[in-house]
Amino acid sequence: MIKVSVIIPVYNAEKYLEKCLNSVINQTLKEIEIICIDDCSTDNSYSILEKYREKDNRIVVIKMKPIRE
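Below you will find a few notes about this structure. (Residues numbered from 1 in each chain as written. Predicted model: local features only at pLDDT ≥ 70, side-chain atom pairs only at ≥ 80, totals over all residues. Heavy atoms only, no water.)

1. Looking at the pattern of salt bridges
For the structure shown, the criterion picks out 4 salt bridges. The closest approach of N and O atoms between Asp-38 and Lys-63, which form a salt bridge, is 3.8 Å. Of this pair, Asp-38 sits in strand β2 (residues 32-38) while Lys-63 sits in strand β3 (residues 59-63), and the two are 25 residues apart along the sequence. Across the pair Arg-53 and Glu-50 runs a salt bridge whose closest N-O atoms are separated by 2.7 Å. With Arg-53 and Glu-50 both in helix α2 (residues 45-55) and 3 residues apart, this pair spans about one turn of that helix. Owing to a relative accessible area of 33%, Arg-53 belongs among the partly exposed residues under this scheme. (Salt bridge = Lys/Arg side-chain N within 4 Å of Asp/Glu carboxyl O. Helix = DSSP H or I, 4+ residues; strand = E, 2+ residues; numbered from the N terminus. Buried < 20%, exposed > 50% of the residue type's maximum accessible area, 1.4 Å probe, protein only.)

2. A word on the pairing of β3
With 5 bridges joining them, β2 and β3 adopt parallel strand pairing. Residue Ile-35 lies in a different strand from β3, and its bridge partner there is Val-60. Viewed along the sheet, the connection from β2 through α2 into β3 turns out right-handed. (Pairing = 2+ DSSP bridges. Right-handed = clockwise from strand over helix to strand, strands pointing away.)

3. Examining the sheet that holds β2
Strand order in this open sheet of 3 strands is β1-β2-β3, and the pairing throughout is parallel. Only two strands of the sheet have a single neighbouring strand rather than two, namely β1 (4-10) and β3. Mean inter-strand twist for the sheet, computed between neighbouring axes without regard to direction, equals 20 degrees. By the bridge criterion, 7 bridges tie β1 to β2 in an arrangement that is parallel. (Axes fitted to C-alpha atoms, helices over the stretch in contact; angles between N-to-C directions.)

Following this line, the structure appears as structure tokens:
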């Protein structure tokens, strides 16, 4: 049963994203879901999120689509 949801907004965060995800994953409370929302990053952030999602089933990745005017 999930006790805590952690929401991580992501935009061009490749420099510190792995450190952030490792920190959340390694918490003592294991009954968590980690929701990562990529807001149209132009760097490697989405690839990093997908790599972590494949390793840990608690991670949910949402990729936003650009708004067209």
